[in-house]
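So the chains spell out like this:
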Amino acid sequence: MDFSTKKEQFILSVLVANHFGVLTRISGLFSRRGYNIDSLNVGETENPETSRMTIIVTGDEYIKSQIVKQLGKLQEVMKVEMLPKEETVLREHLLIKINVSRETRSEITEAVNVFRGKIVDFNSDSVTVEINGEPSKLNAFIEFTKSYGIIEMCRSGALAMKRGANSL
Amino acid sequence: MKLTGARIIIETLIEQDCETVFGYPGGFVINIYDELYKASDRIHHVISAHEQGAAHAADGYARASGKVGVVIATSGPGATNLVTGIANAFLDSVPLVAITGNVPLALLGRDSFQEVDIMGITMPITKHNYIVKDVNELASILRDAFRIAKSGRPGPVLVDIPKDIQLATCEYKPGKPVEKTLDVLTEQINIDKIVELIEASNKPYIYSGGGVVISNAGDELKQFAERIDAPVGFSMMGLSAMDGSLPNNLGLTGMHGRYASIKANSETDLLIAIGVRFSDRATGNKLKYSPNAKIIHIDIDPAEIDKNINTYFGVIGDVKYILNKLLEKVKPKKHPEWKEEINRYIADEQANYPQNYGMHPKNIIERVNNLIDDKTVIATDVGQHQMWVAQYFKLKGRRTFLTSGGLGTMGYGMGAAIGGCFGSGNQRTVLFTGDGSFGMNLAELATAVSNNLPLVIIIMNNGVLGMVRQWQTIFFDERYSSTTLDRKTDFVLLAKAFGANGMRVVGEGELSLALETAFSIKTPFVIDCVIDCDERVLPMIPPGGSVENIIIN
Ligand SMILES: Cc1ncc(C[n+]2csc(CCOP(=O)(O)OP(=O)(O)O)c2C)c(N)n1
Ligand SMILES: [Mg+2]
């Protein structure tokens, strides 16, 4: 098979056994084989014996096919699926603490409303905002706040699920 | 039946059809060893001189017997000494179960005496690994370890067992040897498509590897090759799948392959790759690899398809199964022109053979070759001597070649040869080693002597790290940095010190006498063969090169 060498971002959903060490095994596989993780998220599913990982990776078609196959070889990996972007709900969570002053407070509040975020903490010098959404929306908000000064921020990494009634 | 964890380990090993295990005792496996002592009429334990030797022995045992090899080591240094052996088994897909002791659960994570995180250390070099935290899971984890080790593409599995798990008791029910999980993806096997391509091909070439040995598909390979009238070339791991003296067996291909095999590999219009992984040592420059060929890749590991070489298409499954399917459908073919072309390559190859004087490696190898039968096990270490054996030795039997392919582990040979003796039911075993490689694990001579093994050790003694020296000759203007050993070790005296026997050989006459002596006794015998330090392994395709860059003389 000939692979296209164009790089793109892709979303992997991986069902794994809820054992200790699984995360190390999977992240070890990525680093050992030189695959770059953009974000990784893991949490228990409705079945306490399994966890679900959402991994976002940038790479070409060769890397894409290798990742799926190499993950499939791990004993604790039960299922690997590449989620097509158009048919996927992708959500990320952002907490961001921004510098404010009396003059800038209202501008920031307005922006938070436009982005449908929430102010979860504030004092005279800072405000902490929580926003949910597609990573691109979060990026846009972060870009906007840069001029005010970001004190600290943290992002959850994306969660993803295919639309429709089927499951992984 | 309520048993201790230590006893459960031994019972499970016996239940899983383990007759011989290799290992080395210590504080955190002392209870396991106590149970081994009590069960010594049911399971045989071989103590090595070093855990690395035990791991290689378990590996050699597995390759020679087709069973799962088992090695036991204590925590900390015992466990870390296994690492090279485990990595070696991983890269060559050898089924191995490594059992290590560890500190009690409560002491884990506190940098306790002889504590290492062997699970963390071996994660990237095992198929899977475990640390047992509940004695109730012990037997099922060990059974899983055996299943994983031998299923699909085989490999090593490590089970780390803290001391208190060995002491705790629980109910044990004897089980049966676990079956391999069969993962032939029948729907993906497009036999008709292969048959069509074979029908259309004028120059088919079969490139066969370790997968054929592992799946015991040598007979099927031979039939298939004869049926479609194709020559067969081999990766290092595949060499013992087919009788070396068959006319369509072109032998090793790749960096130090035989000329005809390399040429056919490069000129073919249909490359049927079976149970190989297209390692860089086998392909060289991938862009110039078999430029005119459609490549069909048959392997049990889906991740190997299109990993190193872009194939025309891949077929996933057990190679024996697929070869049998092919044999049902494929019609006999004849390729007289292709055969003629190959015969020309063979003639060129033979014209370039080195002058076959007395102490030339080729002559030594051929002399030994004349003394063996189809049960004799051949082991090698790593270096020039390994390549000469791979090129010139005509192997006769299945599972008779033990060599470190993927990891290229100097020091593999002694342990592997010992394992080969046990795994083959005490058949005559010949180890070809180098003065450098032998130096790495020669203490295992003690193991060979204690166990009265019918082992002939042939040291191709060039006084140098020959393979590295060869690179220094060709690529580094003869700057022989740290490769001239010229040690004063007397290998014959050394053999005697270990309780073995030996002879030093500098000429043809002595060679005959030494071989005659070695093959007339059933105990370890060392033959120290003095050879020229400037003898090179040829042909050679420089790393990253192609057949265009081949160095012939
Ligand atoms: C453990 C290990 N260390 C280093 C090497 C690198 N190496 C490959 S071949 C070789 C020389 C081997 O020398 P010897 O055993 O005498 O065999 P010769 O090439 O002389 O036949 C070396 C150092 C290796 N393969 N394995
Ligand atoms: Mg040497």
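Just so it is clear, the structure is predicted and the values come from calculations on it, not from any experiment. (Residues numbered from 1 in each chain as written. Chains lettered and ligands numbered in written order. Predicted model: local features only at pLDDT ≥ 70, side-chain atom pairs only at ≥ 80, totals over all residues. Heavy atoms only, no water.)

Asker: Would you mind showing me how to read the coordination of the magnesium ion (ligand 2) here?
Answerer: By definition of the ideal shapes, four donors in a tetrahedron about a metal sit 109.5 degrees apart, and six donors in an octahedron sit 90 or 180 degrees apart. Residue and element names in this part refer to chain B. For the magnesium ion (ligand 2), the full set of protein donor atoms is Asp435 (OD), Asn462 (OD1) and Val464 (O), and the range of their distances to it is 2.1 to 2.2 Å. When the donors of the magnesium ion (ligand 2) are listed by position in the chain, the intervening gaps give D-x26-N-x1-V. Taken together, the residues Asp435 in helix α19 (residues 435-441) and Val464 in the loop between β18 (455-461) and α21 (466-475) connect sequence positions 29 residues apart. In terms of burial, Asp435 and Val464 fall into one category: buried. (Donors = N, O, S within 2.8 Å, 3.2 Å for Na, K, Ca; no water. Helix = DSSP H or I, 4+ residues; strand = E, 2+ residues; numbered from the N terminus. Buried < 20%, exposed > 50% of the residue type's maximum accessible area, 1.4 Å probe, protein only.)

Asker: Sorry, what's going on with the packing of helix α12 (residues 259-267) of chain B against helix α15 (residues 336-351) of chain B here?
Answerer: When two helices pack together, their arrangement is given by the angle between the helix axes and the distance between those axes. All names here are of chain B. Interaxial distance between α12 and α15 falls to 8 Å at its minimum, and their mutual angle equals 145 degrees. The interaxial crossing formed by α12 with α15 has right-handed handedness. The residues of α15 that touch α12, namely those facing Tyr259, Ala260, Ser261, Lys263, Ala264 and Glu267, are Trp338, Glu341, Ile342, Tyr345, Ile346, Asp348 and Glu349. Among the residues forming the contact of α12 with α15, the class breakdown is 7 nonpolar, 1 polar and 5 charged. (Axes fitted to C-alpha atoms, helices over the stretch in contact; angles between N-to-C directions. Left-handed = near helix turned anticlockwise from the far one by under 90°. Contact = heavy atoms within 4.5 Å. Nonpolar A, V, L, I, M, F, W, Y, C, P; charged D, E, K, R; others polar.)

Asker: Just to check I follow, could you spell out the domain arrangement of chain A for this structure?
Answerer: Accessible area lost during the coming together of the parts is what is often quoted as the interface size. Residues and elements named next belong to chain A. On domain assignment, one finds that chain A holds domain 1 (8-83) and domain 2 (89-161). The centre of domain 1, based on its C-alpha atoms, is set 29 Å off from the matching centre of domain 2. Domain 1 puts 9 residues into the contact, and the matching count from domain 2 is 7 residues. Roughly 560 Å² is buried in total at the junction of domain 1 and domain 2, and carbon and sulfur atoms are behind 59% of that figure. A per-residue breakdown of the area domain 1 buries against domain 2 is headed by Asn41, Arg52 and Thr54, which together make up 55% of the total. For the interface between domain 1 and domain 2, the tally reads 0 salt bridges. (Domains from an automatic or database assignment. Buried area = accessible area lost by both parts, 1.4 Å probe. Salt bridge = Lys/Arg side-chain N within 4 Å of Asp/Glu carboxyl O.)

Asker: For this particular structure, what's the right way to read unusual backbone geometry?
Answerer: Glycine aside, residues mostly have negative phi angles, and peptide bonds mostly take the trans form. Residue and element names in this part refer to chain B. Between Leu538 and Pro539 the backbone carries a cis peptide bond, its omega angle lying at 0 degrees. As for its placement among the helices and strands, Pro539 is situated in the segment after β20 (525-530). The residue Asp111 is not glycine, and still its phi comes out positive at about 55 degrees. You can see Asp111 is positioned in the loop between β5 (96-102) and α6 (118-122). You will see that Asn216, though not glycine, has its phi angle at about 50 degrees, which is positive. Tracing the backbone shows Asn216 in the loop between α10 (210-214) and α11 (218-228).

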